[in-house]
Amino acid sequence: MIIKRIFLSIYLIVITFLGLFKVPVTVVWGEEMRYHSKKYVSLWELQGEHQVDEFFVAYQLDYLRLLFELGIATLIVYVLYLIFKPNTE
């Protein structure tokens with residue numbers, strides 16, 4: 001039972017870190033919202049807008065990359081749990 005709590009705590013820490021500091025976004029700019037790049041930013045940077053020349057640069061949340069990131073983190077912690085789970089046979 002203690003191993004479940006340890007891995008659940010690790011999982012919550014990883015998900016919190018990814019949700020606050022490693023948010024995947026697409027950087028767009030201009031009136032047509034043209035694609036510029038993809039990167040990871042902090043959660044509080046999603047609200048900010050930067051002006052380059054006369055155009056604003058905005059961040060759009062990339063839902064598919066976020067879903068993959070959280071899914072991979074979940075799978076890694078689950079596999080580690082299965083590896084270190086004590087046998088109850």
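Residues numbered from 1 in each chain as written. Predicted model: local features only at pLDDT ≥ 70, side-chain atom pairs only at ≥ 80, totals over all residues. Heavy atoms only, no water.

Draft legend 1. Representation of helix H2 (residues 63-84) within the structure. Taking 1.5 Å of rise per residue, the 22 residues of H2 would be expected to cover 32 Å, and the 32 Å separating its terminal C-alpha atoms lies within 8% of that figure. Taken together, the buried positions of H2 are Arg65, Glu69, Ala73, Val77 and Tyr81. Around the axis of H2, the buried residues are gathered within 150° of arc, so they sit on the same side. Opposite the packed face of H2, turned more than 90 degrees from it, sit the exposed residues Tyr63, Leu64, Leu67, Phe68, Ile72, Leu75 and Ile83. Turning to H2, the residues buried within the fold contact helix H1 (2-21), strand E1 (23-29) and strand E2 (34-41). (Helix = DSSP H or I, 4+ residues; strand = E, 2+ residues; numbered from the N terminus. Expected span 1.5 Å × (residues − 1). Buried < 20%, exposed > 50% of the residue type's maximum accessible area, 1.4 Å probe, protein only. Arc of directions from axis to C-beta. Contact = heavy atoms within 4.5 Å.)

Draft legend 2. Region of the structure containing the environment of Leu46. Within the secondary structure, Leu46 sits in the loop between E2 and strand E3 (50-52). As for Leu46 and Pro24, which are separated by 22 residues in sequence, their C-alpha atoms are 10.0 Å apart. Contacts of Leu46, omitting those with residues within four sequence positions, involve Val23, Val25, Val41 and Tyr59.

These results come straight from atomic positions and should not be treated as a statement about function.
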